[in-house]
Amino acid sequence: MSTFLQQLINGVSLGAIYSLIALGYTMVYGVLKLINFAHGDVYMVGAFMGYYLANGLGVRGAQAVGMSADGLIARGLLGSGAMEPSLITALAVMLLAMAICAALGVIIERFAYRPVRKYSRLTALITAIGVSLLLENGGQVVFGADPKFFPELFKKRNIELFGGASINSADIIVLVIALALMIGLQLVVFRTKTGRAMRAVSFNLQSAKLMGINTDRIIAFTFALGSALAAAAGVLVAIRIPRIDPLMGILVGLKAFVAAVLGGIGNIPGAMLGGLLIGVTETMVVGYLSPTYKDAVAFAILILILLFRPSGLLGSVSQEKV
Amino acid sequence: MKRILLSLLITVSLLTAFACQPGGSGGGDKVRVGVFMSLTGSTANFGISSVNGIKMAAEEVNTAGGINGKQVELLVQDDRSDASEAATIVTKFVTQDQVHAVLGEVASSRSIAAAPIAQNAKIPMLTPSSTNPDVTKKGDFIFRSCFIDPVQGAAIAQFAARTLGAKRAAIMVDRKNDYSTGLEKVINEVFTRLGGQIVATQSFQEGDQDFNAQLTSLKGSNPEVIFVPGYYNDVGLIAKQARDKGITVPLVGGDGWDSVQLYAIGGSALNGSYFSNHYSPYDTDPKVQKFVNDYKARYNTIPDALAATAYDAAHIMFDAIKRANSLDGTAIRNALAATKSFPGVTGDVTFNENRDAVKPIVMIEIKDGGTYAVRERVQVEGAAMPTMASSSASPSASTSVSPTAASTPAAATPAAGAKASPSPTRSATP
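Every value quoted in this text rests on a predicted model; they were computed, and no experiment measured them.

J.: Looking at this model, I keep getting lost on the overall build of chain A. Mind explaining?
T.: Helices and strands together make up the secondary structure of chain A, namely 12 helices and 4 strands. Residue burial in chain A is summarised as follows: out of 322 residues, 53% are buried. A separation of at least 24 residues holds for 75% of the contacts in chain A among residues at least 6 apart in sequence.

J.: Can you help me understand the sheet that holds strand β15 (residues 371-378) of chain B in this one?
T.: Residue and element names in this part refer to chain B. Strand order in the open sheet formed by 7 strands is β7-β6-β8-β9-β10-β14-β15, with mixed pairing between adjacent strands. Lying at the two open borders of the sheet, with one neighbouring strand each, are β7 (197-204) and β15. This sheet shows a mean twist of 25 degrees between the axes of neighbouring strands, independent of strand direction. Relative to strand β8 (residues 225-227), strand β6 (residues 168-174) runs parallel, the two sharing 3 bridges. Note on β8: the bridge partner recorded for A169 is V225.

J.: Please clarify how the packing of helix α1 (residues 2-32) of chain A against helix α7 (residues 212-220) of chain B should be interpreted in this entry.
T.: Each pair of packed helices can be summarised by the angle the axes make with each other and by the distance between the axes. At their nearest, the axes of α1(A) and α7(B) sit 9 Å apart, and the two run at 165 degrees to each other. One element, α1(A), and the other, α7(B), form an angle in the roughly antiparallel class. Remark: the crossing between α1(A) and α7(B) carries right-handed chirality. Contacts between α1(A) and α7(B) pair T3(A), Q6(A), Q7(A) and N10(A) from the former with N212(B), A213(B), T216(B), S217(B), K219(B) and G220(B) from the latter. Here the residues of the contact of α1(A) with α7(B) sort into 1 nonpolar, 8 polar and 1 charged.

J.: Help me out: how do you make sense of the nonpolar core in this one?
T.: By size, the foremost hydrophobic cluster in this structure holds 129 residues, and its most contacted members are L20(A), L23(A), Y113(A), I226(B) and W257(B). Considering every element that reaches this core, the biggest residue donor is helix α9 (residues 215-240) of chain A, with 16 residues. Residues in contact with I226(B), not counting those within four places in the same chain, are A170(B), M172(B), L218(B), I247(B), V249(B), P250(B), L251(B) and V252(B). L103(B), L126(B), A314(B) and A335(B) belong to the second largest nonpolar core, which has 46 residues in total.

J.: Sorry if this is basic, but what is going on with the side chain of T309(B) here?
T.: All names here are of chain B. The topology assignment puts T309 in helix α11 (residues 305-324). A polar contact of 3.0 Å, which involves the side chain of T309, links it to the backbone oxygen of L306. Setting aside its immediate chain neighbours within four residues, T309 contacts P128, S129, S145, H278 and T346.

J.: In this structure, what is going on with the interface of chain B and chain A? I would like to understand it.
T.: Interface size, as often reported, equals the accessible area lost upon joining of the parts. In this assembly, 28 residues from chain B lie in contact with 24 residues from chain A. Summing both sides of the interface, chain B and chain A together bury roughly 2200 Å²; the carbon and sulfur share of this comes to 49%. Its largest share of buried area at the contact with chain A, chain B owes to Q209(B), T216(B) and D244(B), together 24% of the area lost on that side. One can count 4 salt bridges joining chain B with chain A. Put simply, D210(B) and R240(A) hold a salt bridge, and the shortest N to O gap is 3.3 Å.

J.: Teacher, can you tell me more about the packing of aromatic side chains here?
T.: Between two aromatic rings, the relevant description is the distance of the centres plus the angle of the planes. All names here are of chain A. By the definition in use, this model includes 19 aromatic pairs over all chains. For the ring pair Y25 and F257, a centre distance of 5.6 Å and an interplane angle of 55 degrees mean the geometry is tilted. Placement of the pair is Y25 in helix α1 and F257 in helix α10 (residues 249-263), with a sequence separation of 232 residues. Just as Y25 is buried, F257 falls in that class too. Pairing Y51 with F150 gives two aromatic rings, centres 6.5 Å apart and planes at 45 degrees, and the pair type is tilted. Linking Y51 in helix α2 (residues 39-56) with F150 in the loop between β1 (148-149) and β2 (158-160), this pair joins segments that are 99 residues apart in sequence. Y51 sits in the buried class, given a relative accessible area of 7%. Judged by its relative accessible area of 3%, F150 is buried. Through successive ring pairs, a cluster of aromatic residues spans F48, Y51, Y52, F143 and F150. Above the ring of F111, the side-chain terminus of R110 is found at 5.5 Å from the ring centroid.

J.: How should I be thinking about the confidence of the model for chain B in this particular structure?
T.: Residues and elements named next belong to chain B. With 82% of its residues at a pLDDT of 70 or more, chain B shows a mean pLDDT of 82. Here residues 389-430 scores under 50 on pLDDT; set against residues more than four positions off or in separate chains, the count is 101 contacts. Overall fold confidence (pTM) sits at 0.70, and the ipTM for the predicted complex is 0.71.

J.: How do you make sense of the pattern of salt bridges when you look at a structure like this?
T.: Opposite charge on two side chains lets them pair, provided their charged atoms get close. Residue and element names in this part refer to chain A. According to the stated counting rule, one finds 23 salt bridges over all chains in the structure shown. Put simply, D216 and R114 hold a salt bridge, and the shortest N to O gap is 3.9 Å. On the criterion of sequence distance, the pair formed by D216 in helix α9 and R114 in the loop between α4 (87-113) and α5 (121-142) is long-range, its members being 102 residues apart. The exposure class assigned to R114 is partly exposed, which follows from its relative accessible area of 23%.

J.: Looking at this model, I keep getting lost on the confidence of the model for chain A. Mind explaining?
T.: Low-confidence regions, as indicated by low pLDDT, have predicted coordinates that should not be scrutinised in detail. Scored by pLDDT, chain A has a mean of 84; 88% of the residues are at 70 or more. Confidence over residues 61-82 of chain A falls short of pLDDT 50; this stretch has 25 contacts with residues more than four positions distant or in other chains.

J.: Could you clarify how one ought to interpret the pairing of β6(B) in this entry?
T.: Remark: a regular strand shows side chains that alternate across the two faces of the sheet. Most of β6(B) is tucked away, with 6 of its 7 residues classed as buried. Following the backbone out of β6(B), through helix α6 (residues 178-193) of chain B and into the adjacent parallel β7(B), one traces a crossover that is right-handed.

What counts and how
Residues numbered from 1 in each chain as written. Chains lettered and ligands numbered in written order. Predicted model: local features only at pLDDT ≥ 70, side-chain atom pairs only at ≥ 80, totals over all residues. Heavy atoms only, no water. Helix = DSSP H or I, 4+ residues; strand = E, 2+ residues; numbered from the N terminus. Buried < 20%, exposed > 50% of the residue type's maximum accessible area, 1.4 Å probe, protein only. Contact = heavy atoms within 4.5 Å. Pairing = 2+ DSSP bridges. Axes fitted to C-alpha atoms, helices over the stretch in contact; angles between N-to-C directions. Parallel < 35°, antiparallel > 145°, perpendicular 65-115°, else oblique. Left-handed = near helix turned anticlockwise from the far one by under 90°. Nonpolar A, V, L, I, M, F, W, Y, C, P; charged D, E, K, R; others polar. Core = buried A, V, L, I, M, F, W, Y, C linked by side-chain atoms within 4.5 Å. Polar contact = N/O pair within 3.5 Å; in protein donor to acceptor, adjacent residues only side chain to side chain. Buried area = accessible area lost by both parts, 1.4 Å probe. Salt bridge = Lys/Arg side-chain N within 4 Å of Asp/Glu carboxyl O. Phe/Tyr/Trp six-rings, centres within 6.5 Å; stacked < 30°, edge-to-face > 60°. Lys NZ or Arg CZ within 6 Å of the ring centre and 35° of its normal. pLDDT = per-residue confidence, 0-100. Right-handed = clockwise from strand over helix to strand, strands pointing away.

Spelled out as structure tokens, the structure:
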């Protein structure tokens, strides 16, 4: 029983990360009907930004091997010396990485997608694949192809739960941050003027334009929001699993995309639900069946959903107007 | 007429050239040893370390007056990390150069390519570090002075069962890797035979990032030790995530862990875990320390496991030639086969009837701050010998656990000199 509970915690924690990435897919699809294949790679860039920021801030323990504490303090770029690993540092690193990736998302939209927006949807899709390849291979040139290992941003502790299960503080933080971000997103989309404009654009771009909405700005904002969430996911993953490499976004991106489709693409709560479902299922398959089927299971779910509920779990059936 | 004269001239000059090649049959005053190694190409590092070790051994013997009064002459050839080139070189060794013995290679594929040639010419060949069991199956003139993977697996299992006293063990295996599954099979067999129980087996694939699900399952079965026969970068992550999950039992693995990267990844999560290796430069044994210091003085770097095994191989060969008291191939082979408890820096070496070395395997303990200490020298006992390693363990192999166990923790930082040599022997065995 405690093992099952533990696996459930693992699964929810992994699923929360898929959810965060799936949100970016679903929002961009919502406003542009574009599957942004570069999204998984923005997540990768987010993780790397977190890595460089953490090292730049001189987080103690960053590359600590064979180096004395004094050496590390000397490495700190801040005048005050090295920063102790703490929640504040973790948050600072995450927020900065989110800001950088938000800018990256805007740049990608401005220079890759906007120029082809007036052409067919297929053109945009192929452009997205191109951007994805650019980020993956560019990442290998800039960051190096070898895996990097994330420093510990805060002291991890194991907290005993009832029934012999335990939860790691990293998992708690991943869950809390993911939940906070999702609530924040919900507030932005449903309680702000910009959010209302986003919904209007996703409903009908032409009409929204006619109503005086600056659609270019709204689309850019959507990309910024989605990319920032992906960056947050990147840093959270790096906290849980301290290995990052330039190709880490491919499979995770695909699975998050499946999660978005599973929940009903274009639907924000659907993306969250889809991410959690994929995460929990995957963990259970690894824990109770075999890790060999780990990657297959997400796609098997996708096929089933497409067969029986093509619009996804929470997706609304919309008639194409002819 | 002119043409006939010309061709005659060429023939004569060629004949003279051949005649100038080193001596006729055995009458020379030097012991010629052919060394083929990869000095360039993909595994150049392995070959260079090995040749360094062999050269040092030869010089030691020569300054001490040579073998039975004869100086050792090394013929070092670069096979450019290529198996067919290795075969060509050994052909040249046995026909043209008429060497008395052959040393090489690191990579099993190249040793396997060269072995039949040495076998046919009845020239003894000794490989210092090819771990594939097939190498010495090429014939009775082919020897190996390092452990083979099944023996390593047995040593790991025996160490856990006897020294750590573990009864319940779990295994994390990389399902798609021959090295990992090979070790897993042996560990499973031997640990069970020694009275232990494998309570859980979980698998992963190289490059996996998230081991939480597997580790949770392992934790549920309450193992006292977890075997992780994998490579250092997966092991580092597994260790980290295991500690995050509240798993505190030691992890035990093989020479795939041997890299300075290991501690860079796993950090303090690895403290108190163990892995097996050919030797450790931080061994406090005076013999090892003398070797390490001499090597450092000559080459200005800490000898890796390949340099140490090659150094031992050269000395074993020289010792056999000395005892044979003859340069005849068969005599040297017989003396080599009779090698008993040769005191090498990688441990005392005896050859079994498969001409594979039977020698202790070093179990290294990882300590705070990434320092290594030799915990024990494991001599695989008869009862623990895996069925696939040898049909019947040789008598000397049946000595009980670690007769030489000088478990004196010698702490030293691996970061100091051990450069990133990701487990040479393993990766050189394609």
